[in-house]
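Coordinate analysis (summary)
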Amino acid sequence: MSEPSKPLLQVEGLHVTVVSDGVTREAVRGVSFEVAAGEVLGIVGESGSGKSLTVSAVTGLLPARTRRTGGVIRFKGEDITTASRRRLTKIRGRQIAMVFQDSLTSLNPVKRIGEQVREPLLLHDLASGRAATDAAEAALRSMGIPDPHGAARRYPHEFSGGMRQRAMIATALIASPELIIADEPTTALDVTVQAQILDLWRRLVRESNLALILISHDLGVMSDLATTLAVMYAGRIVELGPTRELLARPQHPYTRALLGSMPTAAASRGELVAISGEPPALEARPPGCPFHPRCSVAEDRCRVEEPDLAPVSSWTSACWVAQRAPLPRLRVSGDGALAELTPALERGEPLLRVEGVTKHYPVVGGVPWGPRREVHALDGVSLEVRKGATLGVVGESGCGKSTLARCILRLTEVAAGSIVFRGTDITKLRGEPLRRMRQYMQPIFQDPYSSLNPRTRIGESVAEALLVHGVPKREAIRRVDEVLEYVALGSHYRSRYPHNLSGGERQRVGIARALVLDTELLVADEPISALDVSIQAQILNLIKDLQRRLGLTIIFISHDLRIVEHMSTRILILSLGKVVEVGPAHEIAERPRHPYTQALLSAVPFVEASGKARIVLAGDPPSPIDPPSGCRFRTRCPRAQALCAEVEPALENAADRSWACHFPIEEP
Amino acid sequence: MIDADGLNGTGGLNGTGGRGLGLWQPRVIPYVMRQLGRALGDYERGISFGIIGIWAILLVIIPLLPLANPLHQNVNIALQSPSLAHLFGTDELGRDMLSRTIWGGRQSVPAALVVVCIGFPLGTVIGAFAGYVGGAVEEVIMRITDMFLAFPVLVLAMAVSAALGPSLYHGVIALTIVWWPSYVRVTRGMVLELKNRDFVLISRAAGRRPLGILSRVIMPNVLPSVLVMAAIDIGRAILLFSMLSFLGLGAVPPTPEWGSMVSEGSMYMDQWWIATFPGLAILSLVFAFNLAGDSIRDALDPWVTGRR
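Residues numbered from 1 in each chain as written. Chains lettered and ligands numbered in written order. Predicted model: local features only at pLDDT ≥ 70, side-chain atom pairs only at ≥ 80, totals over all residues. Heavy atoms only, no water.

Observations regarding the overall build of chain A
A count of helices and strands for chain A gives 24 helices and 24 strands. The C-alpha atoms of chain A give a radius of gyration of 26 Å, which matches the 26 Å a tight globule of 668 residues would have. With the principal axes as the frame, chain A shows a C-alpha extent of 75 × 65 × 50 Å. Looking at chain A as a whole, 55% of its 668 residues qualify as buried. Look at the contacts in chain A between residues 6 or more apart in sequence, and 67% of them connect residues 24 or more apart. In the form shown here, chain A has an accessible surface area of approximately 28000 Å², with 51% of it arising from carbon and sulfur atoms. Across chain A, 81 positive and 75 negative side-chain charges occur, with their mean positions spaced 3 Å apart. (Helix = DSSP H or I, 4+ residues; strand = E, 2+ residues; numbered from the N terminus. Rg over C-alpha atoms; globule rule 2.2 N^0.38 Å. Buried < 20%, exposed > 50% of the residue type's maximum accessible area, 1.4 Å probe, protein only. Contact = heavy atoms within 4.5 Å. Areas by Shrake-Rupley, 256 points an atom, 1.4 Å probe, with all protein chains shown as cover. Lys, Arg positive; Asp, Glu negative; His and termini not counted. Charge placed at Lys NZ, Arg CZ, Asp CG, Glu CD.)

Below is the structure:
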């Protein structure tokens, strides 16, 4: 990339301690790395790995109760750990800038975008007044924001997520810093928008010769952007090397496990290679190599002695086994068992048939005499799920996928249409019959933290459904133990409270809860997006396993087409409240007919290089309040023509798949 | 909105509604109290319930105590400073201040308890109902609540006193009328926030009936915070009754009452003991109830007791 130059930032032996409950514990333990201009260092790790603390230490913005206890941080040769507060303030924002994950909380809601973008210029006396405002508008323009003059006058809430992220990048870049630290900069974005932002980053790094430190949990994003990759686990870097080579031949069992636990195109059907256990908590770090309890190749030495980073292949890894003899190339293969099962499942009788379901929400706010506006959450959605099958529902935020889940579960009323479940139209059910019907369909929600009542013991939470349906207490307890066993939690979990549980454990409880009755249909709304990568695979495997054992029918809702493809027999693509394409999972994934499906597929950053050029959609997803006329995708569609604006395409059927497009992609 | 709970960052759902009666800024004092409490650290619970317990016992067993008659006047010993014979001194009519200070609690403390014990359950039930049912019912309930909330408590107390004559009971009536709406607002706000949480949806999907969802799922999450508010409110009500008496709208002389005693004492600035001891009595109880509110919350909050 760039000529070998002196590193811009050098971190050596960084230690950070956290004080909690009066006990001091090391959260970052001897982290060293360097970044040069034009280089992108990716730091990947799960929650608690110390990745955010590491970069906070670099910027001197450590949170309360944490302290840097050792190490040297050199920025352009100057040790900034000993620099005065004034000197640090000068460096921060001027030479080191930051971009955060949540653009809604990181931008000040009461200040105009323009004011916020130009602020670094004023703070560092680089420009003032008119000049600063002009510079801010120029910066917004270079970020690809249309009408920068108007945009600068608007407030953050008037911007979309992608636009806010662009504005934040503009703010970070306006004082021409040399180093940018981006903490999960695309995690909160939709995949199509994420693809745009990743493109923008790539261009910025290339054009301005920036150094970028990128923090993420997503190896796909890393392989897309990072030139060097640092994998962190339990407060240390366990593997550090050039991204592409490292991901092709990872030399630390943790990196290998992370890669294995991601559903990839190559191994999309079989069981994922889940990492057992959970990342160690600060207070329970095992002796020796912190990864050894979860490691499949651990040996005696790993249990007593912690390895340091040492050269393996052409980079460094902290693993005794790899240091002795490099680990072989990682092979990913699926067992293909489910792929064979699929056709049989798709011939079963339908358990659920949704027809023309429509749901509009009134928009709250505005003046009472203003026009009444509505969010078109669902517009005439029809679908069918057969017994024992899994229907994957994919769509970006605002496409109505959660509303669909709630309509099916009868947690919200539908405006029109019918939902036939087990032979009855449940939209008409009220009172006692509705309550009885509920035993047969159960939800799993995204956030394991908010889906358990914080004041109820696990046992009571799981038993709730049994008790309200009149199952005697003794029988209920027996059943609770049984389902806790299903989800690999023992009966001793019964008396615990949710706050004592980790995210993965809570999600298991959520699943146990959904299975405690005679559940036939499981509606899983983003069941893994709030979990750490290594836990995600465990939960996916668990759901699949339970489906096989209990003959469940599942509606699996996610924004991640990669995961949905792994889980489902059929996929339904939802966009702005409309079905755009539906068909067998592998066909949708391999031969999309609708351009939106194609764009979604292409936007997901995969670890393995696909070789194909990525389709990056222009612009933002349109608002569901005022959907475009005709085809709702046309504003972003590369194939759109005049006809698309006038006539709304109907779902066309061919064999067992259908799509709604005037100009579908030809079958190859 | 920054309030006491927002400032120390542990309140979570607390402080969602305005609970001031507009007489004085209630947010600052609980805040200062809590900071003091924090400094006292682990002794918080012991100190607060200790003070409350001592007062409760004192007020119950006063007739058995070897105290002078609080109404007995002896002008010969008027305005004596504290001495062994009269530990808290005597007032302008020569009455024993120690006896009067302890007897004084028999007025405002029960009155405050009555007001909170009526207002707390009433307001909580109405608020929970309004928040859960929503729609037009909620609108109507909340507008009526707002009407009551808009009553200036002092003016109302004056009006009641003017109509029925000054008496502590009339003060209780006036305060009860304006007291419950604050619980309605807070409870409704919390129920509104909770009723669309995932765990409530899951309970609905499990087939729990609406009443069960409200009482078994939502309210256990609401009650602790409202309980904390009620505990602090007892202190506030004591203060308000003292204030009413101070203004001559509550207890009628010669009945000893802290507020009216402070009021009398304010005329004798040189005789500091007359206003000081009843004042300290008010302070100790208000302080104790504030601390108690805080420690109740700590004890009931699942997040504080066992954070991962």
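Some remarks on the sheet that holds strand S11 (residues 310–312) of chain A
Two modes of strand pairing occur in sheets, parallel and antiparallel, and in both the strands are linked by backbone hydrogen bonds. Residue and element names in this part refer to chain A. What the 8 strands build is an open sheet, ordered S6-S7-S8-S3-S9-S10-S12-S11; its pairing is mixed. With partners counted over all chains shown, the strands left at the sheet margins are strand S6 (96–99) and S11, one partner each. If you compare each strand with its neighbour and ignore which way they point, the axes differ by 25° on average. Bridge count for strand S7 (residues 179–183) against strand S8 (residues 211–216) is 5 bridges, and the pairing is parallel. Across the sheet, the residue bridging to Asp-183 is Ile-215, located in S8. Set on the sheet, helix H1 (residues 51–59) makes contact with strand S3 (40–44), S6, S7, S8 and strand S9 (228–233); between it and S8 the angle comes to about 150°. Relative to S6, helix H7 (residues 161–173) is tilted by about 170°, and along the sheet it contacts S6 and S7. (Pairing = 2+ DSSP bridges. Axes fitted to C-alpha atoms, helices over the stretch in contact; angles between N-to-C directions.)

Some words on the sheet that holds strand S13 (residues 350–362) of chain A
All names here are of chain A. With antiparallel pairing, 4 strands are arranged side by side in an open sheet as S14-S13-S16-S17. Strands with a single pairing partner mark the edges of an open sheet, and in this sheet they are strand S14 (374–386) and strand S17 (424–425). When S13 meets strand S16 (residues 416–421), the two strands line up antiparallel, connected through 5 bridges. Bridge pairing in S16 links Thr-358 to Ala-416.

Describing the confidence of the model for chain B
Residues and elements named next belong to chain B. Within chain B, residue pLDDT values average 80, and 84% of them lie at 70 or more. Across residues 1–26, where pLDDT falls below 50, the model places 52 contacts with residues more than four positions away in sequence or in other chains. The model gives residues 304–308 a pLDDT under 50, and that stretch makes 10 contacts with residues more than four places away or in other chains. The complex model carries a pTM of 0.81, and its ipTM stands at 0.77. (pLDDT = per-residue confidence, 0-100.)

So, the packing of aromatic side chains
One pass over the structure, following the stated rule, counts 11 aromatic pairs over all chains. Considering the side-chain rings of Tyr-233 of chain A and Phe-291 of chain A, the 5.2 Å spacing of their centres and the 85° angle between planes classify their relative orientation as edge-to-face. Linking Tyr-233 of chain A in strand S9 with Phe-291 of chain A in the loop between helix H11 (253–260) and helix H12 (300–304), this pair joins segments that are 58 residues apart in sequence. The residues Tyr-233 of chain A and Phe-291 of chain A share a single accessibility class, namely buried. Aromatic side chains Phe-88 of chain B and Phe-277 of chain B sit 4.0 Å apart centroid to centroid with 10° between the ring planes, which places their arrangement in the stacked category. With Phe-88 of chain B in the loop between helix H3 (44–61) and helix H4 (97–133) and Phe-277 of chain B in helix H11 (residues 272–300), this pair connects stretches of sequence that are 189 residues apart. These aromatic residues form a ring-pair network of at least three members: Phe-88, Trp-272, Trp-273 and Phe-277 of chain B. The ring of Tyr-493 of chain A is capped by Arg-496 of chain A, whose NZ or CZ atom sits 4.4 Å from the centre of that ring. Note that Arg-593 of chain A overlies the ring of Trp-659 of chain A, its terminal NZ or CZ placed 4.2 Å from the centroid. (Phe/Tyr/Trp six-rings, centres within 6.5 Å; stacked < 30°, edge-to-face > 60°. Lys NZ or Arg CZ within 6 Å of the ring centre and 35° of its normal.)

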